[in-house]
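Single-letter residue listing:
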Amino acid sequence: MLWYKAWLETRSRFLISLLGIVALPCYLVFDENGHANPHTPVDWYYHVLHNGHGLIVTMWLAAVILLMMGGILREKANGTASFTLALPVSRAHLMLVRILSGFSQAMALVVVPWCAMYLVAITTGRATSVSHALSHVVLLGAGGLVFFSIAVLTSSVVEGEYTAPAVTFGLLFADIAGLGQSRYHAFSIWNFMMGTEYLDRAPQLVIGIPWPHVIANVLMAVLLMAASIRAIQRREF
């Protein structure tokens, strides 16, 4: 029942996001590869694929922030939280279902668009490196997990249907415009998701997946989600 409730709350946002994140990057790759000719170097096709990845990252972040807005605090503002809290489950269970449901949707918004874009790329060009695609997927998934957990935490401590997304978008902008453009750019989650630090002139990933950075992001996300559950448990409704 809780899983179905979580799905009902987010299905329209998820399906619309999925349609957009699949369609636009696929069209970009299809259109750009259509400008190539038999003498176009293979670097061009990987450049186009990386541009498509950038579009997926941008759209994915917006989609996930909007997907995770709401929750029990939104229900409190609407006056319906008492019905949810009356269910014979703990607040931790309620939050865990919401987090896992959102996580599965967020990962689907990573894998499905990238698979679709990669199929377009290999049918219209010569960007056929599977490891190139997988590396981008890992970077997006691991880095995006941090922003996903930030969206969950914000919606767990800030009331208002649109206040929590606004705060999360503000943090995202601070990462891009502040940290991402400073001498500490290596710590920018946005840069990590884009893969900027790991590209050669092709661009292709040349040093493999930065597993220590991936693990650090996952651990940070887990801590933030644990803090979200704790915040709801201590909240007065």
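Residues numbered from 1 in each chain as written. Predicted model: local features only at pLDDT ≥ 70, side-chain atom pairs only at ≥ 80, totals over all residues. Heavy atoms only, no water.

1. Looking at a nonpolar patch on the surface
Logical step 1: A surface patch of nonpolar side chains, amounting to about 390 Å² of accessible area, comprises Y4, W7, L8 and L15.
Logical step 2: If you trace the backbone, L15 turns up in helix α1 (residues 2-33).
Logical step 3: The exposure class assigned to L15 is partly exposed, which follows from its relative accessible area of 46%. (Patch = residues over 30% accessible without salt bridge, like charges linked within 9 Å, V, L, I, M, F, W, Y side chains within 5 Å. Areas by Shrake-Rupley, 256 points an atom, 1.4 Å probe, with all protein chains shown as cover. Salt bridge = Lys/Arg side-chain N within 4 Å of Asp/Glu carboxyl O. Helix = DSSP H or I, 4+ residues; strand = E, 2+ residues; numbered from the N terminus. Buried < 20%, exposed > 50% of the residue type's maximum accessible area, 1.4 Å probe, protein only.)

2. Notes on the packing of aromatic side chains
Logical step 1: Considering all chains together, one arrives at two aromatic pairs under this definition.
Logical step 2: Seen from their ring centres, W7 and F14 are 6.0 Å apart, and the 65° between their planes marks the pair as edge-to-face.
Logical step 3: Here W7 falls in the partly exposed class, since its relative accessible area comes to 30%.
Logical step 4: Relative accessible area serves as the criterion here: at 9%, F14 is assigned to the buried category.
Logical step 5: Both rings, one in F103 and one in F148, keep their centres 6.5 Å apart while their planes meet at 70°; by these two values the pair is edge-to-face. With F103 in helix α5 (residues 91-124) and F148 in helix α6 (residues 130-157), this pair connects stretches of sequence that are 45 residues apart. (Phe/Tyr/Trp six-rings, centres within 6.5 Å; stacked < 30°, edge-to-face > 60°.)

3. Overview of α6
Logical step 1: Spanning 28 residues, α6 covers 41 Å between terminal C-alpha atoms, matching the ideal 40 Å at 1.5 Å per step.
Logical step 2: The sharpest bend along α6 measures roughly 30° and falls at L145.
Logical step 3: Most of α6 sits out of view: 21 of its 28 residues are buried. (Expected span 1.5 Å × (residues − 1). Bend = angle between axes of the 7 residues up to and from the residue.)

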